[in-house]
Amino acid sequence: MSEFDLIRRHLTGVGTARDDVLVDVGDDCALLRVPAGRELAVGIDTLVAGVHFLPDCDPEALGWKALAVNLSDLAAVGAEPAWATLALTMPEPDEAWLAAFVRGFGALAAAEDVRLVGGDLTRGPLTVTVQAHGFVPADHVLRRAGARPGDLICVSGALGDAGLALRHLTQGEPLDEYLRGRLDRPSPRVALGEVLRGLATSAIDLSDGLISDLGHVLAASGCGARVELERLPLADQVAAAVAVDEDWSLPLASGDDYELCFTLPPAALGQLPVLAAAAGCPLTTIGEIVAGQGLRLVRADGSGWNATGGGYDHFVAS
Ligand SMILES: [Mg+2]
């Protein structure tokens, strides 16, 4: 079966049909219409077998995740997802694998009203590149710059689940359903990004871990932060793993969480429960933006925790 047959059979009609798609998969280019008064937000991510995912991972889960990580970037700027393109490199033209991959991709696309508008298939080492496109009102884009001293630092969901899941997998240990789902099928916080428009002073999605990603916000905003470790939202399994030797690397540095980290003016604290209800996920205040620079991590008793100790170096090195 040729590349064109595979594209026609598997990559057409994926996701939700949309009025703003004038020409879909199957011509030389898609033709798309951005609504008046909206900016086009575009993000792209590549996942490489053996680097970003285990080579034998379930193709359906990989399809979901390849789109999810891109929708997470759209959520971080407050954009409403609309379209995606997909470039897939496979060692062999494996139709069953491709069908499963598209099933996972298509399930999330349909759930988030996204249309796959372009696809490309190539032979080579297994690599998935997805580009996602969304709309955001011009004057309500969420940016990394904009956090100010006194702002509250908040995160959605829970931190460290995917890192713990990966740790179990690489150690050959069984995974419970919760951790498996958090690693394989992250829920991009699209609804949260939309409700934070015009309210959050900065936002980023947590793809590389809180230390790294909050660090980008601090660098872009020209300020520092104080984060209280005991406030970090942790699932029971992660809390238990952290408690073993006070190794906070799972929630701070293991990545793959795809939660949002954002800052709010202190006056907005009372709105947090309303925002959480509107976004459909827990929201937790974990610290505050301070003048100066750098990220200070403190325990409940006020003592500092050194991020370069414990297992953290290992994560940085890997
Ligand atoms: Mg991002």
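**A short note on the overall build of the protein**
In step 1: In terms of regular secondary structure, the protein is built from eleven helices and twelve strands.
In step 2: Relative to a compact globule of 318 residues, whose C-alpha radius of gyration would be 20 Å, the protein shows 20 Å and is just as compact.
In step 3: Counting only C-alpha atoms, the protein reaches 65 × 50 × 30 Å along its principal axes.
In step 4: Taking contacts inside the protein between residues at least 6 apart in sequence as the whole, the part at least 24 apart equals 85%.
In step 5: Of the accessible surface of the protein, which amounts to about 13,900 Å², a share of 52% is contributed by carbon and sulfur atoms.
In step 6: When the 22 positive and 43 negative side-chain charges of the protein are each reduced to one mean point, those points stand 3 Å apart.

**Remarks on the domain arrangement of the protein**
In step 1: Domain annotation for the protein reports domain 1 (3–139) and domain 2 (142–317).
In step 2: Using C-alpha coordinates to define each centre, domain 1 is positioned 26 Å away from domain 2.
In step 3: Contacts between the two partners involve 23 residues from domain 1 and, on the opposite side, 18 residues from domain 2.
In step 4: Counting the surface lost from both domain 1 and domain 2, the interface buries some 1,700 Å², and carbon and sulfur atoms represent 57% of this.
In step 5: Here domain 1 is connected to domain 2 by two salt bridges.
In step 6: Where Lys65 meets Asp256, a salt bridge forms, and the shortest distance between an N and an O atom there is 2.8 Å.
In step 7: At the junction of domain 1 and domain 2, the tally comes to six residue pairs in polar contact (both at pLDDT 80 or more).
In step 8: For the side of domain 1 that touches domain 2, the elements supplying multiple residues, two or more each, are α2 (59–76), β4 (80–90) and β6 (127–137).
In step 9: Looking at which element gives the most residues to the side of domain 1 that touches domain 2, the answer is α2, with eleven residues.

**Looking at unusual backbone geometry**
In step 1: Residues other than glycine seldom take positive phi values, yet Asp256 does so here, at roughly 65 degrees.
In step 2: Within the secondary structure, Asp256 sits in the loop between α9 (249–253) and β10 (260–264).
In step 3: The phi torsion at Tyr258 lies on the positive side, around 55 degrees, for a residue other than glycine.
In step 4: Counting through the fold element by element, Tyr258 comes out in the loop between α9 and β10.
In step 5: Judged by relative accessible area, which is 7%, Tyr258 ranks as buried.

Cut-off values and rules
Residues numbered from 1 in each chain as written. Predicted model: local features only at pLDDT ≥ 70, side-chain atom pairs only at ≥ 80, totals over all residues. Heavy atoms only, no water. Helix = DSSP H or I, 4+ residues; strand = E, 2+ residues; numbered from the N terminus. Rg over C-alpha atoms; globule rule 2.2 N^0.38 Å. Contact = heavy atoms within 4.5 Å. Areas by Shrake-Rupley, 256 points an atom, 1.4 Å probe, with all protein chains shown as cover. Lys, Arg positive; Asp, Glu negative; His and termini not counted. Charge placed at Lys NZ, Arg CZ, Asp CG, Glu CD. Domains from an automatic or database assignment. Buried area = accessible area lost by both parts, 1.4 Å probe. Salt bridge = Lys/Arg side-chain N within 4 Å of Asp/Glu carboxyl O. Polar contact = N/O pair within 3.5 Å; in protein donor to acceptor, adjacent residues only side chain to side chain. Buried < 20%, exposed > 50% of the residue type's maximum accessible area, 1.4 Å probe, protein only.

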